[in-house]
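Reading the structure
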Amino acid sequence: MRVLIVEDEKKLSDILARGFKAEGFAVDVAGDGAEGLELATFYAYDVIILDIMLPKLSGTEVLEGIRQKNRHVPILMLTAKDAVADKVKHLDAGADDYLTKPFAFSELLVRVRALLRRAPTQRTDVLAVADLEINRMRRLVKRASKRVELSAKEYALIEYLMLNAGRVLSRSMIIEHVWDQSFEGLTNIVDVYIRQLRAKIDEAHEVKLIKTVRGAGYTLNDEV
């Protein structure tokens, strides 16, 4: 599962990021509204946590911008404002939940999990390319109906490739999305994990799904 945290208070965003990573989420963090809207538009997220008081673009503007392009991604608003009118305004604008500061991380986590369960038909819970299938809710991977055992990072990598099936992903894009940081000079770590995935997913099958695009990166498709 991938979560986007849009929060300009760095101390809070760091705490939230550590908490979600400890729970097995991949995490992206934006420190202002413009960056948050850009990330939410460019990447696919399972849930977005959005502060209202943000620089550059307000959380309200970000919410409206996201909803113009994506009606289904769950969005939880974080704010110090607890007036009923503020809650109604943002729920009417497309927010799925609303949590006032200060709050306990345990409550936020419960609310996020509830959002992920609430509307499974609105999310892409099962990804499939040829005979490779991922059940994202169960974190279950199968090739030709046989279960494939993967480590947490291997799973995150194959999920990212599947979410972007047919698209060429550079090593830097993969590093930033799967490892949640910039590994300058260490993009060869992607090659290591790709080899591991190929051994588990492609090696025993005639059709190879994970492809190298020389000089560009990797892609996943069933084209011969």
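Residues numbered from 1 in each chain as written. Predicted model: local features only at pLDDT ≥ 70, side-chain atom pairs only at ≥ 80, totals over all residues. Heavy atoms only, no water.

Overview of the pairing of strand β5 (residues 97–100)
Bridge count between strand β4 (residues 75–79) and β5: four bridges; the pairing is parallel. By the bridge assignment for β5, Met77 is matched with Tyr98. Remark: the β4/helix α4 (residues 84–92)/β5 crossover connection has right-handed handedness. (Pairing = 2+ DSSP bridges. Helix = DSSP H or I, 4+ residues; strand = E, 2+ residues; numbered from the N terminus. Right-handed = clockwise from strand over helix to strand, strands pointing away.)

Details of the side chain of Asn164
Locating Asn164 in the fold gives a position in the loop between α6 (152–163) and α7 (171–178). Looking at Asn164, its side chain comes within polar contact range of the main-chain oxygen of Tyr160, at 3.0 Å. (Polar contact = N/O pair within 3.5 Å; in protein donor to acceptor, adjacent residues only side chain to side chain.)

Topic: α6
Taking 1.5 Å of rise per residue, twelve residues should cover 16 Å, and α6 covers 16 Å from first to last C-alpha, within 8% of that figure. With nine of twelve residues buried, α6 is to be regarded as a mostly interior element. Taken as a whole, α6 has its buried residues at Glu154, Tyr155, Ala156, Leu157, Ile158, Glu159, Tyr160, Leu161 and Met162. (Expected span 1.5 Å × (residues − 1). Buried < 20%, exposed > 50% of the residue type's maximum accessible area, 1.4 Å probe, protein only.)

Concerning the packing of helix α1 (residues 10–22) against helix α5 (residues 105–118)
Where α1 meets α5, the axes come as close as 11 Å, and the angle between the chain directions of the two elements is 55°. The angle between α1 and α5 falls in the class oblique. At the point where α1 passes α5, the crossing takes the right-handed sense. Contact residues: Leu16, Gly19 and Phe20 in α1; Phe105, Leu108, Leu109 and Val112 in α5. Tallied by class, the residues present in the contact of α1 with α5 amount to six nonpolar, one polar and no charged. (Axes fitted to C-alpha atoms, helices over the stretch in contact; angles between N-to-C directions. Parallel < 35°, antiparallel > 145°, perpendicular 65-115°, else oblique. Left-handed = near helix turned anticlockwise from the far one by under 90°. Contact = heavy atoms within 4.5 Å. Nonpolar A, V, L, I, M, F, W, Y, C, P; charged D, E, K, R; others polar.)

Considerations on the nonpolar core
In this structure, Ile48, Leu50, Ile158, Ile174 and Leu220 are the most contacted members of the largest nonpolar core, which totals 47 residues. Looking at this core element by element, the count peaks at seven residues for α6. Sequence-distant contacts of Leu50, that is, excluding residues within four places in its chain, are made with Val6, Gly59, Val62, Leu63, Ile75, Leu76, Met77 and Leu78. Among the nonpolar cores identified, the runner-up in size contains 20 residues, and Met1, Ile5, Leu16 and Val27 belong to it. (Core = buried A, V, L, I, M, F, W, Y, C linked by side-chain atoms within 4.5 Å.)

Observations regarding the environment of Phe42
Within the secondary structure, Phe42 is located in helix α2 (residues 33–42). Classification of Phe42 by relative accessible area gives partly exposed; the value is 45%. In this structure Phe42 touches Arg167 and Met173, once residues within four positions along its chain are discounted.

A word on empty space enclosed by the protein
In total, this model carries one cavity of 30 Å³ or more according to the counting rule given. Here the largest cavity is characterised by a volume of approximately 40 Å³. Along its surface, the largest cavity is lined by Ala40, Tyr43, Ala44, Tyr45, Ile48, Ile66, Asn70 and Val73. Split into classes, the residues belonging to the lining of the largest cavity amount to seven nonpolar, one polar and no charged. (1 Å grid on protein atoms, 1.4 Å probe; cavity = no way out; pocket = protein on both sides within 12 Å on 5 of 7 lines; lining within 4 Å. Points joined across faces, edges and corners; volume = space filled by probe spheres on them.)

Quick notes on the pattern of salt bridges
In the structure shown here, the tally under the stated rule is 16 salt bridges. Across the pair Glu7 and Lys101 runs a salt bridge, and its minimum N-O distance is 3.0 Å. Of the two residues, Glu7 is situated in the loop between β1 (2–6) and α1 and Lys101 in the loop between β5 and α5; the sequence distance between them amounts to 94 residues. A residue is classified by how much of its surface remains accessible, and Lys101, at 23% relative accessible area, is partly exposed. Two residues, Arg136 and Glu159, come together in a salt bridge whose shortest N-O distance is 2.9 Å. Of this pair, Arg136 sits in the loop between β7 (132–135) and β8 (140–143) while Glu159 sits in helix α6, and the two are 23 residues apart along the sequence. Accessibility classification places Arg136 together with Glu159 in one group, the buried group. (Salt bridge = Lys/Arg side-chain N within 4 Å of Asp/Glu carboxyl O.)

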